[in-house]
Amino acid sequence: MDHLTITPRMNPGSLLSQLERAGTSHLEDEDHVKRVILVNRVSLGISACLLFMTPIVRYFTGYGNILAAVVIEFCINNLVLVLNHYGKYKAAGLLLFFLQCVAVTYFAFLLGSLLQLHFMVLFLIAMTYLIFREKALRRICLAGAIITMGLLQVNYFYGDRIKIDNNVACTLQSLAIVGVIFLILIIAKPIYKYAWDDNIALNKSIYSKTMLYSLVVHELRNELFAIEHITGQFKQEISRGLDIKSINNLIKELQQLTQTANTIVNTELGMASIEAGKTIDTTEEVVNLKDVLGNLMSKYTIIAKSENLEIDVKVEENLPPSIKLGLPRFHSIIRNLMGNALKYSYPYTTIFVEVGVGIEQFFVRVSNAGDTIPDSLQKTIFEPFTTDKKRGIESTGLGMFICANAVRSLGGTISVLSKDHKTCFTVTLPLIECPEPAKDLQATSWSHTVIPKYKILIADDDRLNLSLLQMTLEETGCTVICAASGEEVLSVVHKEQPDVIILDYIMPTMDGIATTKRLKADPSVRNIPVIIATGMGYAETQTAVLEAGAVGLLTKPYSMEQLRGLLEKLIPPPATEG
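Note that this is a predicted model, so its numbers are computed, not measured. (Residues numbered from 1 in each chain as written. Predicted model: local features only at pLDDT ≥ 70, side-chain atom pairs only at ≥ 80, totals over all residues. Heavy atoms only, no water.)

Trainee: Run through the confidence of the model for the protein, naming residues and quoting values.
Mentor: In this model, the protein carries a mean pLDDT of 77, and residues with pLDDT of at least 70 account for 69%. Low pLDDT, under 50, characterises residues 1-13; the stretch is placed with 22 contacts to residues that sit more than four places away or in other chains. Across residues 271-281 the pLDDT falls below 50, and counting only partners more than four positions away or on other chains, this stretch makes 21 contacts in the model. (pLDDT = per-residue confidence, 0-100. Contact = heavy atoms within 4.5 Å.)

Trainee: Pulling in residues and values, what's your account of the nonpolar core?
Mentor: In terms of nonpolar packing, the biggest core is built from 44 residues, with Leu289, Tyr300, Phe330, Ile333, Ile334, Met338 and Phe362 touching the most fellow members. Those elements that place two or more of their residues in this core are α9 (289-306), β3 (323-325), α10 (327-344), β4 (350-357), β5 (361-369), α12 (399-409), β6 (413-419) and β7 (422-430). One finds Ala69, Val70, Met120 and Leu137 within the second-largest nonpolar core, a separate group that totals 39 residues. (Core = buried A, V, L, I, M, F, W, Y, C linked by side-chain atoms within 4.5 Å. Buried < 20%, exposed > 50% of the residue type's maximum accessible area, 1.4 Å probe, protein only. Helix = DSSP H or I, 4+ residues; strand = E, 2+ residues; numbered from the N terminus.)

Trainee: An account of the side chain of Asn40 is requested, with residue identities and associated values reported.
Mentor: With respect to the secondary-structure elements, Asn40 resides in helix α2 (residues 30-61). Polar contacts involving the side chain of Asn40 include one to the main-chain carbonyl oxygen of Glu20, which spans 2.9 Å. A polar contact of 3.1 Å, which involves the side chain of Asn40, links it to the backbone oxygen of Ala22. With sequence-adjacent residues up to four places away left out, Asn40 is seen in contact with Leu19, Glu20, Arg21, Ala22, Leu81 and Asn84. (Polar contact = N/O pair within 3.5 Å; in protein donor to acceptor, adjacent residues only side chain to side chain.)

Trainee: So what about the packing of aromatic side chains? Which residues, and what values?
Mentor: Under the counting rule described, the total for this entry stands at three aromatic pairs. An angle of 75° between the planes, with centres 6.3 Å apart, marks the rings of Phe382 and Phe425 as edge-to-face. Highlighted residues: Phe382 in the loop between α11 (375-380) and α12 and Phe425 in strand β7, separated in sequence by 43 residues. Of the two residues, Phe382 and Phe425, neither departs from the other in class, the shared state being buried. (Phe/Tyr/Trp six-rings, centres within 6.5 Å; stacked < 30°, edge-to-face > 60°.)

Trainee: Before we move on, could you go through the sheet that holds β4 and cite the residues and values that matter?
Mentor: Spatial ordering of the open sheet is given by β2-β4-β5-β7-β6, a layout of five strands whose pairing is mixed. Bordering the open sheet on either side are β2 (310-315) and β6, each of which pairs with just one other strand. Mean inter-strand twist for the sheet, computed between neighbouring axes without regard to direction, equals 15°. Across the sheet, α9 is in contact with β2, β4 and β5; its angle to β2 comes to roughly 170°. Where α10 meets the sheet, its contacts fall on β2, β4, β5 and β7, and the angle it forms with β5 comes to roughly 20°. (Pairing = 2+ DSSP bridges. Axes fitted to C-alpha atoms, helices over the stretch in contact; angles between N-to-C directions.)

Trainee: Help me get a handle on the environment of Phe425, residues and values and all.
Mentor: You can call Phe425 buried: its relative accessible area is 2%. Measuring from C-alpha to C-alpha, the distance between Phe425 and Ser415 comes to 5.8 Å, with ten residues separating the pair along the chain. With residues up to four places along the chain from it excluded, the contact list for Phe425 reads Leu337, Asn340, Val364, Arg365, Val366, Ile373, Ile381, Phe382, Met400, Ser415 and Val416.

So, in structure tokens, the structure goes:
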């Protein structure tokens, strides 16, 4: 049995609030809820009008049969609430509509032209489109309204006219108009509120999507800018006769850039998941800050050289060797600070990067020589889409906004000081020392990684990714079986009996999760370890992967070293022959 419910926003002691929401407790469609509430409100409004106006009309006209008619309409009108309460929503709406058509016709014939109720029919026509979504019901109600309007017209010109004082007639007609206005306000107020709320929600959604796309484009543009400069260095090395050592260093920088670009997409897309109520894995890594900065600055040194700039990095000697740090967010901070300095520095000047240690915190300070940032802009520089058009440099105005958000997410602060053609950004972050050794940032290459000679079944619907992974794994001595879909995995797994299966998370028809569940439901292959690779590094994704039965998750882009580490951790090396 349906029970009347009270939403948290309403007064628990208000009977009116409960009556308005009669029959909505089990509805999930918000639009349907609004229509049911509208029907209930109109029904309650008509009942209120009847109780208020009937005694007045009875007093002035002396018509005794008015009271009986009003009692009948009042009772039938309140059946609308009962029908909604029991989920008979269409019946409730139709009853409300046609009851008013009959009532308008009856009172028009009873009182003649004293009450000109044509405007009430117009109100009913408008109400039809607010109550019903179905075209057929709207047409039925529209036909009923047209018939009612025709009967009123006939009565107006040919019906009997009662004799009554003009002042009384004016009073009764005014009361009828007030009643209709009252009903219109009952409908108009919530409709305006819903429309306003929906408009606000829509604007927020549009802003969030615009911000998301802008952030991704801005961050990727920085990496593409760096890639462009490094490929330019490639050309120079080739023209000078292929210095293998220089070429190898440039290749390593390009590899890091592509990994960073992929990480940017995953990180920025996380904003959409936060908006949808999801959480993002914000795991901190144990790193050596000097190594992190060294890797980052090698890239910016190449770019600075091509822009006729120099970079001077100073790191205090007492910096702990191992600290906990959210690496993707720290990369975002340095990326935007350095990108800003490279963009706005005067040619043939030096960008200074200073890293120091304080009490339970460390700071990174980036300063450069360039146009002074106006005081007004310094106050808003960490807000989105803030840029100085007068400086004549193309900018999205998002870099410092992204940087400030990353700083705040790490529990730090950021400030700017710009005067006398010098600008300095200072970032202060918590210093969390760790006794365990820092992550080896050099072990991120696909080459020169030794992997035990596993027999691996890999599945990916992207043929290029599949071929590249197959080629790399085979170079390490692994035996590789390829599949382009989850269905193909199921068709070959019994015959091949691999040591491990690596599935792409997103594949057509049957994704990695569904394929894993099918494998784990088959007794003959359920013990084969399954690893799922995905670019969506959310906590919910990892939970779903493990619940499906997979033994591990690889977040793209992953290195061969990461794959080897996961394989050795989860799966015993295969026995060697002989």
